[in-house]
Amino acid sequence: MNARWNGQYSCFDLVARTPERPRTVVQVGDIAIGGDDFVVMAGPCAVESEQQVLDTAMSVAAAGARILRGGAYKPRSSPYSFQGLGVEGLKILAKAREYTGLAVITEVMSETDVEVVAEYADIMQVGARSMENYSLLERLGRCGRPVLLKRGMTATLEDLLCSAQFLVAAGNPEVILCERGIRTFETATRNTFDVAAVPVLKTVSHLPVIADPSHAAGVRVLVPILARAAVVVGADGLLVEVHPQPEKAASDGEQSLTLGQFDAMMGDLAPYLSLRSSGERECAVVGGVS
Ligand code: PEP
Ligand code: MN
């Protein structure tokens, strides 16, 4: 398969898909991301309290999620918004992992926090706003944990892949890409979910691709529909915001599913997931390339 897309990508040979390197599977304990399983990561936007995280973790685990998400360090557009609980939040996530067996993904915003976040997290999340923070990426190259790299809100796929190349070149081959919607002139949704990004990335790169329908949609009613689209176009999994009381959430409540809605969404995805495991997914990806 041609590793380039119309010959336009040249700066990311370490993450380019080649016949010798068709796919990378990132292993997190017994969870394989980028393999045959569809891996769902779910939890609140921000860690707010132990009760909130434990209630969410138990519920999403029962519904089929494998990984718990939750921000302890929050990149907020306003300096007056809730900025996260920091280390206390990391400890709450670790406790939830102990109780439920879920792995933990959480965002790291600063080079100075890499060590402490790596002590508690199984996967380090690089947020959309940090995708171009090259000194952070450089430091994450040596963090000893897999990294989920979100697409910047104004980043092209080439920009995203160049940032992924930074991580790999700095010593960390365990990189997961994440499409979370981009800024366009459309205002009906918070961002525009770039549905084509998933098969393009799966085609030109060997890295796993996760979709985040929550930040793409910005409203909870659209989240299950975009999640379904992500399955159909070949994503390796989802990152979804879930909160026991979204109306009281400290951040991103409008786009957070309730525990019941998350459970219903997982049920709704089942037929699409069985299509995927019967080989449809590889056909969709391979058929789109030449
Ligand atoms: C998040 O996952 O809560 C988040 C801040 O996402 P993004 O970086 O995609 O805006
Ligand atoms: Mn959020």
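For the structure itself, look to the data block above.
Rules used throughout
Residues numbered from 1 in each chain as written. Chains lettered and ligands numbered in written order. Predicted model: local features only at pLDDT ≥ 70, side-chain atom pairs only at ≥ 80, totals over all residues. Heavy atoms only, no water. Near = heavy atom within 4 Å. Polar contact = N/O pair within 3.5 Å; in protein donor to acceptor, adjacent residues only side chain to side chain. Nonpolar A, V, L, I, M, F, W, Y, C, P; charged D, E, K, R; others polar. Helix = DSSP H or I, 4+ residues; strand = E, 2+ residues; numbered from the N terminus. Buried < 20%, exposed > 50% of the residue type's maximum accessible area, 1.4 Å probe, protein only. Pairing = 2+ DSSP bridges. Right-handed = clockwise from strand over helix to strand, strands pointing away. Contact = heavy atoms within 4.5 Å. Core = buried A, V, L, I, M, F, W, Y, C linked by side-chain atoms within 4.5 Å. Disulfide = S-S within 2.5 Å.

Q: Provide a residue-level description of the site of ligand 1, including the pertinent values.
A: Near ligand 1, the surroundings consist of 13 residues, among which Arg 69, Ala 128, Arg 129, Lys 150 and Arg 180 are the closest. Side-chain polar atom of His 215 to an oxygen atom of ligand 1: 3.2 Å apart, as the coordinates give it. Within the shell around ligand 1, the residues separate by chemical class into three nonpolar, three polar and seven charged.

Q: Explain the environment of Thr 100 residue by residue, including any values.
A: Mapped onto the secondary structure, Thr 100 falls in helix 2 (residues 87-100). For Thr 100, a relative accessible area of 22% puts it in the partly exposed group. Between the C-alpha atom of Thr 100 and that of Leu 68, which follows or precedes it by 32 residues, the distance is 9.5 Å. At 2.7 Å, the side chain of Thr 100 and the backbone oxygen of Ala 96 are in polar contact.

Q: Talk me through the pairing of strand 7 (residues 147-150); I want residue IDs and the actual numbers.
A: A two-sided burial pattern is seen for strand 7, the buried positions comprising Val 147 and Leu 149 on one face and Leu 148 and Lys 150 on the other. For strand 6 (residues 123-126) and strand 7, the ladder comprises three bridges, and the chain directions are parallel. Following the sheet pairing, Met 124 is matched in strand 7 by Val 147. Here four bridges tie strand 7 to strand 8 (residues 175-179), and the two strands are oriented parallel to one another. Bridge pairing in strand 8 places Leu 149 opposite Leu 177. Each parallel crossover has a hand, and the one from strand 7 via helix 5 (residues 157-169) to strand 8 is right-handed.

Q: Describe the environment of Tyr 73, listing the residues and the values that go with them.
A: Its place among the elements puts Tyr 73 in the loop between strand 4 (67-69) and helix 2. Since its relative accessible area comes to 14%, Tyr 73 is described here as buried. For the pair formed by Tyr 73 and Leu 90, sequence separation is 17 residues and the distance between their alpha carbons is 9.0 Å. Beyond its immediate stretch of four places on either side in the chain, Tyr 73 contacts Gln 83, Gly 86, Val 87, Leu 90, Glu 107, Met 109, Asp 113, Val 116 and Val 117.

Q: Describe the nonpolar core, and please don't skip the residues or the numbers.
A: Ranked by size, the top nonpolar core spans 73 residues in total, and within it Met 124, Leu 140, Leu 149, Leu 177, Leu 238, Phe 262 and Met 265 carry the most contacts. No other element matches the six residues that helix 5 contributes to this core. Ignoring any residue separated from it by four or fewer positions in sequence, one finds Leu 238 in contact with Phe 38, Val 39, Val 40, Met 41, Ile 210, Ala 211, Pro 213, Ala 227, Ala 230, Met 265 and Leu 269.

Q: Account for the state of the cysteines, naming residues and giving values.
A: A complete count under the given rule lists one disulfide for this structure. Shown here is the disulfide that connects Cys 11 with Cys 162, its sulfur atoms set 2.1 Å apart. Across the S-S bond of Cys 11 and Cys 162 the torsion is about -80 degrees, and the bridge reads as left-handed. Here Cys 11 is found in the segment before strand 1 (26-28), whereas its partner Cys 162 is found in helix 5, with 151 residues between them in sequence. Here Cys 143 is not disulfide-linked; the sulfur of Cys 178 is the nearest cysteine sulfur, at 17 Å. Judged by its relative accessible area of 13%, Cys 143 is buried. Lacking any disulfide linkage, Cys 178 is separated from the closest cysteine sulfur, that of Cys 45, by 13 Å. Overall, the relative accessible area of 0% leaves Cys 178 in the buried class.

Geometry only, nothing functional implied.
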